[in-house]
Every structure is written in structure tokens, then in C-alpha cells.
Amino acid sequence: MPDRPQTDYWGYPSFGDGDLDAWLAGNKATAPPAVDDVLSALRAGPAHAELTGETSALAEFGRVHKARRARRDRSVPVMWFASAAALIAMAVCGAAAAAGRLPTPIQNIAHVVFAAPSSTHVADGVSRRGPGSGAGGPELKPKVSSSGALADSAARGALIQECAAYRRDDEHGAQPGNDSRYRPLVKAAGGASHVLSFCATEFHVSGPQPGSGGSSPHSGSGSNSHPGSNSGSGSGSGSSGSTNSDPGSGSGSGTGPGSGTGSGSGSGSGGSVSSQVSDSHPAFASATSGAGDRAPSGPGSSDGTSSNATHGPASTSSTELTAHHSSTGRSPQLIRADIARAVELRAGQVRPANTSALG
Amino acid sequence: MVGDEFAAVLAAAQQGNEAAFSVLWRDGNPALLRYLRAMAPESAEDVAAETWVQVVRGLAKFRGDEAAWRAWLFTTARRRLLDQARQRRRHPTEPLDHVQGGEEPPAPDTALLAMDNLATERAIALVRKLPPLQAEVILLRVVAGLDTEQVAKLTGSTPGAVRVAAHRGLKRLATLLEGAGVTL
């Protein structure tokens, strides 16, 4: 085919790409008439035959969107249930962690992460319900201070346990104020120097009925044989409350009117009957007090005279044990035996004997 | 072209509004069919239907203006065209012969032609006489309304090659019209 001149047959300039842009923009004069006709025919409006497939296209469109909506609707209830189940599981685990009921490794993790009671505190015999309770020992009924700051019973129970352990460590000279385990307690008390008074005033224990000594051997403390204990200096019933959480701390027994910080020595449930109790721990003497022995001052032991009753940290030193020995006339060996018995009672393995028979 | 309302129409269609989708379909299907009838006259309707199936499924994820929408539509159609051509090569029971330049296209069935569409059909027949790249470039620019860059991206060419192909195709078209004495 011969080459055409730059102008076309009709004398129009060659219609190139640039001319096409102008033609598409609306400048029809740039194209030869025949080309203009062809291009205009290509861009003509829709013919009837070109719109016949609309029904099938709309059907496909509806089907796709219906399936998408169904998938979305199905996923919503599943998400709801999954979220609800997760929340319930978290609540249950949280409550268990606060109560110290999780397995030891998990409880320790919860203690580190969420300041839940540590497993060691639980294992220290700060039983949720001391053995004494089972044996009719002192009921631990911590009373929340009027401040109302401890409305949550689970948190309050944890702090009660912490108070008992804190008191024990303090008596042993372990300087618990610096221990990270007691950080929540220190925080609640407003400082390490206020922990003991906080425990004494914030938690109160209502011990067993007077003379119920039998409720726990410890309960005897204060109730029977210690007039002082009844003096309410705290014989023991634990006014100190905080230690009530530690059944070992024996709050209960203190039948004393008092207030007695009583806690602790526990006669009964006697927190003191933890494994940590040493021979010199006067608290256990209180355990034996069920037998009428003068409960050592031990932490809140029933002995009203206990220094710890109300007024201060229980003095549970070997000196006191000696003093107790001298006051009661019982030999240290017997005292140790009583301590061991108190431990067993606390563990709930042995039914408390009639405290009146002791000593 | 949908024009200024395209964004609203697209959003409604993506939400499942059938009326909005109908607007998009009525605007795009005639151009799509003309392009496909020029590129693969035996299977234009099938490829168009498959193209719209793909578009419906991907509509919710599409993001862009009207120019991007038309580019996406014709890109999808071209891919379906190539897939069908490959399939026919593997199973040549119904071979799809691509129109080669210079070959006389089969005479369209006059019974199928509507009077109002005669000029369009003749125009398509003329474009089919052009070399494949030239025909495709002219169709994508004139029928689909795509610019040079979009056509280059769609065909896998460069903008310069697209401009050259458009220039030569229009020139050849003019020659064909002159030689055939075609009046539309």
C-alpha cells in the first residue's frame, strides 16, 4: 500500500493520538468525517440487545451480598458467646486468686501480677477457715471497720491473712515491712509503721462463745483461764481482727469482752499453729490455754494481758514463753507438746479435746 | 459515564443496593460488550457475564474513582478473555480465533442486528480489521474511555507504544474508510 501523505485523502491533517485526545475531549473537527462517524458509532448509547443481561447480573449481585450478610450475622452470636465466656472465666479466676484457691504455681503468679494472696501465706496455715472452726472453734468473723474501706470480702480475707503472717514475721524480727509479699497490706495500712495498728483496728474477730473453749483448745485462752483475757485487752478474741483471718492467730477465743486484739494466739484455730510456730511462740501457749493455760500473749492470744492484745504487737518471744512457764508452772516440754497439739488441731486432724482437761 | 454521582452510587452498591449496582451495570456493560465483540466475537456474551461475576465478588473491596472503576472493569474482562483463550487452546473443541489484521471478518448475522445498532456493529467490524494491538488501543480509548497510561498498564505496554499504536490505528482506519467508501 503506497504511503499516504501527512494529510489524508480529504486534505485533513493526519488524525493521530493527539487528535484523538482532542476528539475525545469534544473537539470533533479534529477528525476526518468518516473517522468521526466511526468513532461516534463506537461511543453511541446502549442498544436494547446490550442491556438484556441485567437480570442475571442482579441475581448474582443479590446472591453474593446475601451470603456475605449471612456470614456476618453468624459471626456476631459466636463473638458474643466467646466474649461472655471469657469474661466469666476471668471473673472466676480472679475470685479464686483473691481467695488463694488457685494451684500454687498459678497462685504465685497471681500474687506477683495482681497482688493476690501468695500461696505461701495460704500454706502458712492461714486457713480459710481454721480447723478450730470445724471443731467448733472460734468463728472468724472479721468486721470491717467503719471506714468501709474493705468492703470486698475476698480482699478483706486476704488482708486478714496477710496481717496474721505479718504479725508473725514481725515477732520473729523478719522486718516484714520491707517484704514485697506484704506490699498490698502495707499499702492498705498506709505504711509499714501502721500495719500492726491497722491490723488491730481494722479487723475484728468475734470469737466463740465464752467458755466455749472447746471450740478450740485455743479458745480456752482467755475464756477460761485468763481473767485478763476477758478483760478485753484483747484476750484474744481477736479484736484485732486482722489476725482473725489467720485462724491460727486465734482470734476467736478470746472471749474477753474485749476487744482484745486477741487475734492471733488463736487459740483456737490458732493461726499460731502454723508450721512456723516455734517453741517459743507464745501463741501456742495460748493454744494450750484451752487447757486453761494462760494464753501467752502471743499475737492476740487470748491473754488479755497479752501485749499484743490491742495494744501492740504480740510479744511472742522465748522470753515470754519462759515467763509463761514460770507463770503457769508448766514445763517447756509440755508447752511444746501443746503447741504440737495445737498444730494438729489447726490442721483439723484431731478433734479438739476438752480444753478444760488440759493443763 | 456516571459522572459526579459515581462515588455515591459506588458506595450504595457496595452496601448491597441493587439499584445502585444496576446504574453501574447499565453504564459499563454496553462498552464492555462492544470491546469484547471486537476482541472475541464468538464468546463476547459469556466473557461479559463472567466479568460481571468477578466484579460483583470484588466490588466491596474496590476503592477508586470512576476512571479507576472502568480500568478495573476492562482489566477484569481482558483477563477473563485471556483465560478463556487459554482454556480453548487446551480443549480446542471450540477454537477461538483471534481476528488477524487483514482478514475479512465473518459477515454479521443481519437478523441479529437491530436498526438502532447497525452503525455500531459496522464500526466494530471495521475496527476488527485493524491489527490486534491497534484495535485494542482504539477500543480502550474510545469505547472504554481510558487514558493512555491506563491503556498502557492494561495491555502491558508503554505509554509511547500506546500512542504510536493509536496513531497508526486511526490512520489505518481512515485508509480503510477511504478505500471501502464506507459510510456509516
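What counts and how
Residues numbered from 1 in each chain as written. Chains lettered and ligands numbered in written order. Predicted model: local features only at pLDDT ≥ 70, side-chain atom pairs only at ≥ 80, totals over all residues. Heavy atoms only, no water. Helix = DSSP H or I, 4+ residues; strand = E, 2+ residues; numbered from the N terminus. Buried < 20%, exposed > 50% of the residue type's maximum accessible area, 1.4 Å probe, protein only. Contact = heavy atoms within 4.5 Å. Areas by Shrake-Rupley, 256 points an atom, 1.4 Å probe, with all protein chains shown as cover. Expected span 1.5 Å × (residues − 1). Axes fitted to C-alpha atoms, helices over the stretch in contact; angles between N-to-C directions. Left-handed = near helix turned anticlockwise from the far one by under 90°. Nonpolar A, V, L, I, M, F, W, Y, C, P; charged D, E, K, R; others polar. Patch = residues over 30% accessible without salt bridge, like charges linked within 9 Å, V, L, I, M, F, W, Y side chains within 5 Å. Salt bridge = Lys/Arg side-chain N within 4 Å of Asp/Glu carboxyl O. Disulfide = S-S within 2.5 Å. pLDDT = per-residue confidence, 0-100. Buried area = accessible area lost by both parts, 1.4 Å probe. Polar contact = N/O pair within 3.5 Å; in protein donor to acceptor, adjacent residues only side chain to side chain.

Regarding the overall build of chain A
Part 1 of the reasoning: Within chain A one finds 14 helices and zero strands.
Part 2 of the reasoning: Taken from the N to the C terminus, the helices and strands of chain A come in the order α-α-α-α-α-α-α-α-α-α-α-α-α-α.
Part 3 of the reasoning: Per-residue burial over chain A gives 49% buried out of 359 residues.
Part 4 of the reasoning: Counting only contacts in chain A whose residues sit at least 6 apart along the sequence, the fraction spanning at least 24 positions is 60%.
Part 5 of the reasoning: Summed over its atoms, the accessible surface of chain A is roughly 15600 Å², and 59% of this surface lies on carbon and sulfur atoms.

What to know about helix 3 (residues 54-99) of chain A
Part 1 of the reasoning: Taking 1.5 Å of rise per residue, the 46 residues of helix 3 of chain A would be expected to cover 68 Å, and the 68 Å separating its terminal C-alpha atoms lies within 8% of that figure.
Part 2 of the reasoning: Along helix 3 of chain A, the residues classified as buried are Glu54(A), Ala57(A), Glu60(A), Phe61(A), Gly62(A), Val64(A), His65(A), Ala96(A) and Ala97(A).
Part 3 of the reasoning: Residues of helix 3 of chain A that are buried sit in contact with helix 4 (104-114) of chain A together with helix 1 (6-14), helix 2 (18-39) and helix 3 (44-58) of chain B.

Here's the deal with the packing of helix 2 of chain B against helix 3 of chain B
All names here are of chain B.
Part 1 of the reasoning: Look at helix 2 against helix 3: their axes get within 10 Å of each other, and the N-to-C directions meet at 145°. In terms of crossing hand, the pair formed by helix 2 and helix 3 is right-handed. From helix 2, Phe 21, Leu 24, Trp 25, Gly 28, Asn 29, Leu 32, Leu 33, Leu 36 and Arg 37 reach across to helix 3, where they touch Ala 44, Glu 45, Val 47, Ala 48, Thr 51, Trp 52 and Val 56.
Part 2 of the reasoning: Tallied by class, the residues present in the contact of helix 2 with helix 3 amount to eleven nonpolar, three polar and two charged.

Points about a nonpolar patch on the surface
Part 1 of the reasoning: Residues Ile109(A), Val112(A), Val113(A) and Phe114(A) make up a contiguous nonpolar surface patch of about 470 Å² in total accessible area.
Part 2 of the reasoning: By secondary structure assignment, the location of Val113(A) is in helix 4.

Observations regarding the pattern of salt bridges
Residues and elements named next belong to chain B.
Part 1 of the reasoning: Inspection of the entire model under this criterion finds 15 salt bridges over all chains.
Part 2 of the reasoning: With a closest N to O distance of 3.0 Å, Arg 70 and Asp 27 form a salt bridge. Of this pair, Arg 70 sits in helix 4 (residues 66-90) while Asp 27 is found in helix 2, placing the two residues 43 residues apart along the sequence. Here Arg 70 and Asp 27 have matching classes, each one buried.
Part 3 of the reasoning: Between Asp 83 and Arg 86 there is a salt bridge, with the nearest N and O atoms lying 2.4 Å from each other.

A look at the state of the cysteines
A covalent bond between the sulfur atoms of two cysteines is referred to as a disulfide.
Residues and elements named next belong to chain A.
Part 1 of the reasoning: Enumeration according to the criterion identifies one disulfide over all chains in this entry.
Part 2 of the reasoning: Here Cys 163 engages in a disulfide with Cys 199; their sulfurs sit 1.9 Å apart. Residues Cys 163 and Cys 199 are joined through a disulfide that is left-handed, its torsion about the S-S bond being -80°. Of this pair, Cys 163 sits in helix 7 (residues 153-171) while Cys 199 sits in helix 9 (residues 195-202), placing them 36 residues apart in sequence.

A look at the confidence of the model for chain B
Part 1 of the reasoning: Of all residues in chain B, 84% have pLDDT values of 70 or greater, and the mean over the chain is 85.
Part 2 of the reasoning: The complex model carries a pTM of 0.47, and its ipTM stands at 0.82.

Regarding the interface of chain B and chain A
Part 1 of the reasoning: On the chain A side, the residues contacting the 45 residues of chain B number 39 residues.
Part 2 of the reasoning: Between chain B and chain A, the buried area comes to about 3700 Å², and carbon and sulfur atoms account for 66% of it.
Part 3 of the reasoning: Counting across the chain B and chain A interface gives five salt bridges.
Part 4 of the reasoning: Two residues, Arg57(B) and Glu60(A), come together in a salt bridge whose shortest N-O distance is 3.8 Å.
Part 5 of the reasoning: At the surface where chain B touches chain A, the tally comes to eleven residue pairs in polar contact (both at pLDDT 80 or more).
Part 6 of the reasoning: Among the residues making up the side of chain B that touches chain A, the classes are represented as 24 nonpolar, eleven polar and ten charged.

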